[in-house]
Amino acid sequence: MGDKFQLIHDVSPGTAGWTVKVVVAEKFSPRVAQRSPTKYQNLILMDSEGSTVQATLYGQNITTFQDELILGKTYLISNALVKETNAEYKAKYGEIQWTISGRTRIRRVEENNSNILISTYSFTDFEDLPMYMDSNVDISKFDTVLLTMWEAFVDNECKYICQNLKKKPVLIGKHLKVTSFNGLSISTKADSSFFIDGEFELVEEFKSWTHTNSEIIDNMISEKHYLTSTPSKLFSKLSVPTDEKDFTEIKSIQGLKTVKQFFWIKGRASVKVLNQTYWYMSCNNCNKISSENYGDIYPCVFCKCTDAKAIPRAKVYMQLTDPTGYINATAIGNPAEYFLQSNAEILMNQTLIPTAASMRLSMDEYEIFYVKAITQESSPDCKFEILFIVNPSQIAGDKNKGKAPVEHIDEPIKLLEPTTKRSLFHSDTDDAQSSKKNVISQELRVRKKINEF
DNA sequence: CCCCCCCC
């Protein structure tokens, strides 16, 4: 099987334009890292000469590639991330390790190279090995339907939904994440927003609850004023706050560890690292990274769309400052294009390090940022993402701005869950204590379930 | 809602 391709030992960190033909010689069960919630899965790949390399998949990629990298099958692999093994593990795992990600191009080759494996290993029945030992690894589909809840919703509905999911919640990092077999994730913080991602299946009671109250929820959402420079279908229903106290000073979130998840910031963005990649190739259907060439039609491994098109998507790593401090933050897609005053195709074709002539590298005036803090698994500090940017001139003199939807709802919503005593919008003092207790007991319940897992 | 990284 050798011929026109490189061999494993031809590929070092920094090697460009390589393709290696490999057999998946071993495939281990996915595992969760000891000291972080990171999931990883190791594979051993073997070339025609019997040389091997350890390849690793992380997180969601484990399920994404489970049908792409089958034990005993042959593949052409290019553009894996090639790294030197951490010194203390070189003896055990080899000098070089590959990381397989969405960036990696994997092409199945219909060849039977099991003889290579057999000549190297003593086992022959590898086809019969259970390939995916852990069926709870993750969910495979991430079409996103996003529902943001606030204030008393978090105490009531969020808890309620979590109790009524078919599948047990798991705690990942600082987020409560709930998965169901057909794809649901919920993340929440006690004092902030609450999401439902994905297509999901809920028990009957909750279906009837959402049905009964759908009009109220729709009203709440449509009453929300919105206007952004960087429209996002996901966040199009969010208000820019009117009250200064609803904006966050950057100094208060520098080195942020946990707490609140979303912030409004009045600040200015600027690019501090000029030499960065301002785009990535993406699937036009799901925005996930693609290993294909621009314009190519391909089956997307992430969203399973059979005729996905590879298109560039803007990305920028920037610094966000206000009078009190600065944070580093990433913007992707619309907010990145808006800030740079460019578009993904131009960014892709740009070969030289950009200058202020080719794109906007810093803002002259302050603008309003909606920022998400993400708890990182690898580091104690949060990282920040710009979800959208609003130019203040857009909201000047707008009477509707910041209109709080909760003020327009008079009728309290009854929950089906009998133990939840608080009404949806009743959030004043005498209930505050009991509400806090409920949140805590819910947290304990969740933790208990995790331990049972 | 998406990039990067990630683990033995």
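Scroll up to find the structure.
What you see is a predicted model, and the numbers here were worked out from it, not measured in a lab.

### Here's the deal with the pairing of strand E3 (residues 39-46)
No. 1: For E3, the buried fraction is high: 7 of the 8 residues fall into the buried class.
No. 2: Here strand E1 (residues 20-27) pairs with E3 via 4 bridges, running antiparallel. Each residue of the ladder has a partner; that of Val24, found in E3, is Leu45.
No. 3: The pairing of strand E2 (residues 31-32) with E3 spans 2 bridges and is classified as antiparallel. In the sheet register, Val32 faces E3, and the bridge partner there is Lys39.
No. 4: The antiparallel pairing of E2 with E3 creates a hairpin that spans 6 residues between the two strands.
No. 5: Relative to strand E4 (residues 52-58), E3 is paired through 7 bridges, and the arrangement is antiparallel. By the bridge assignment, Asn42 is partnered in E4 with Thr56.
No. 6: With antiparallel pairing between neighbouring strands as the criterion, E3 and E4 make up a hairpin whose turn holds 5 residues, including Gly50 at a positive phi of roughly 85°.

### Quick notes on the pattern of salt bridges
No. 1: Under the criterion given, the structure shown has 11 salt bridges.
No. 2: Here Glu111 and Lys21 are joined by a salt bridge, their closest N and O atoms 2.7 Å apart. On the criterion of sequence distance, the pair formed by Glu111 in the loop between strand E8 (105-109) and helix H3 (114-120) and Lys21 in strand E1 is long-range, its members being 90 residues apart.
No. 3: With a relative accessible area of 32%, Glu111 lands in the partly exposed category.
No. 4: By relative accessible area, which is 8% here, Lys21 ends up buried.

What counts and what doesn't
Residues numbered from 1 in each chain as written. Chains lettered and ligands numbered in written order. Predicted model: local features only at pLDDT ≥ 70, side-chain atom pairs only at ≥ 80, totals over all residues. Heavy atoms only, no water. Buried < 20%, exposed > 50% of the residue type's maximum accessible area, 1.4 Å probe, protein only. Helix = DSSP H or I, 4+ residues; strand = E, 2+ residues; numbered from the N terminus. Pairing = 2+ DSSP bridges. Salt bridge = Lys/Arg side-chain N within 4 Å of Asp/Glu carboxyl O.

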